Amino acid sequence: MQIKYVFSIIIVLGLFSCSENSEPTIAHHTKTTIEAKNFLQDVLYQEGKILFVMHCKNCHAINAHADPQLLANLHEKWIDKKLLYAFIRNPQAVIAKDAYAKALYEQCNKAEMPPCPLLTNKQIDLILNYVDITLSEKKENK
């Protein structure tokens, strides 16, 4: 998956670096860098969206019918990021040993979250990034 990102960045930089001027200006390089960064952020956002739809959307719809605050800023709510990763991969195991996870389970009327054992830390981070951006955009549009 990382190879796709690197390849995408190389292509974008190559496209943006081609210009009619023989001597690009600092402004040109700055604009190219910003455009490449925005492109990469969009690619990562879309990757997170795809992962969210595949693994989370059935239970965690980000809409008016669900409580989006349960998903907001998860990386801040969980003191230990490794524990958050473990929870997403195997919720019941973490609920059995962690007070915060157990309280969350109780808060959600003991609804059991299906485990996602194959998600990598990077994939989980992409999902969390997608959720945070989507929720902040919804908040801004209200």
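Check the entry above for the structure.
Residues numbered from 1 in each chain as written. Predicted model: local features only at pLDDT ≥ 70, side-chain atom pairs only at ≥ 80, totals over all residues. Heavy atoms only, no water.

A. Just helix α6 (residues 99–107), in detail. Of all the positions in α6, only Ala101, Leu104 and Tyr105 are classed as buried. Along the axis of α6, the buried residues cluster in a sector spanning 100°; they form a single face. Facing away from the buried side of α6, by more than 90 degrees, are the exposed residues Ala99 and Gln107. The N-capping residue of α6, defined by a side-chain oxygen 3.2 Å from the backbone nitrogen of Tyr100, is Asp98. Downstream of α6 by a residue or two, Asn109 has a phi angle that is positive, lying close to 55°. (Buried < 20%, exposed > 50% of the residue type's maximum accessible area, 1.4 Å probe, protein only. Helix = DSSP H or I, 4+ residues; strand = E, 2+ residues; numbered from the N terminus. Arc of directions from axis to C-beta. Polar contact = N/O pair within 3.5 Å; in protein donor to acceptor, adjacent residues only side chain to side chain.)

B. Broad picture of the nonpolar core. Ranked by size, the top nonpolar core spans 28 residues in total, and within it Phe52, Trp78 and Val131 carry the most contacts. Sort the elements by how many residues they give to this core and helix α7 (residues 121–140) lands first, with seven residues. When residues no more than four places from it in sequence are discounted, the contact partners of Phe52 are Lys57, His60, Ile62, Leu71, Ile127, Tyr130 and Val131. (Core = buried A, V, L, I, M, F, W, Y, C linked by side-chain atoms within 4.5 Å. Contact = heavy atoms within 4.5 Å.)

C. Looking closely at the pattern of salt bridges. Going through the model one piece at a time under the given rule, you end up with one salt bridge. Ionic pairing is found between Asp125 and Lys81, a salt bridge with its closest N-O pair at 3.4 Å. A residue pair is termed long-range when its members are at least 10 positions apart, and Asp125 in helix α7 and Lys81 in helix α4 (residues 81–89) qualify at 44 residues. (Salt bridge = Lys/Arg side-chain N within 4 Å of Asp/Glu carboxyl O.)

D. The arrangement of the environment of Leu44 in detail. Positionally, Leu44 belongs in helix α2 (residues 26–55). Spatially, the C-alpha atoms of Leu44 and Ile127 are 9.3 Å apart, while their sequence positions differ by 83 residues.

E. The arrangement of α4 in detail. Residues Leu83, Leu84, Tyr85, Phe87 and Ile88 constitute the buried set of α4. You can read the cap of α4 off the contacts: a side-chain oxygen lies 3.0 Å from the backbone nitrogen of Lys82, and it is on Asp80.

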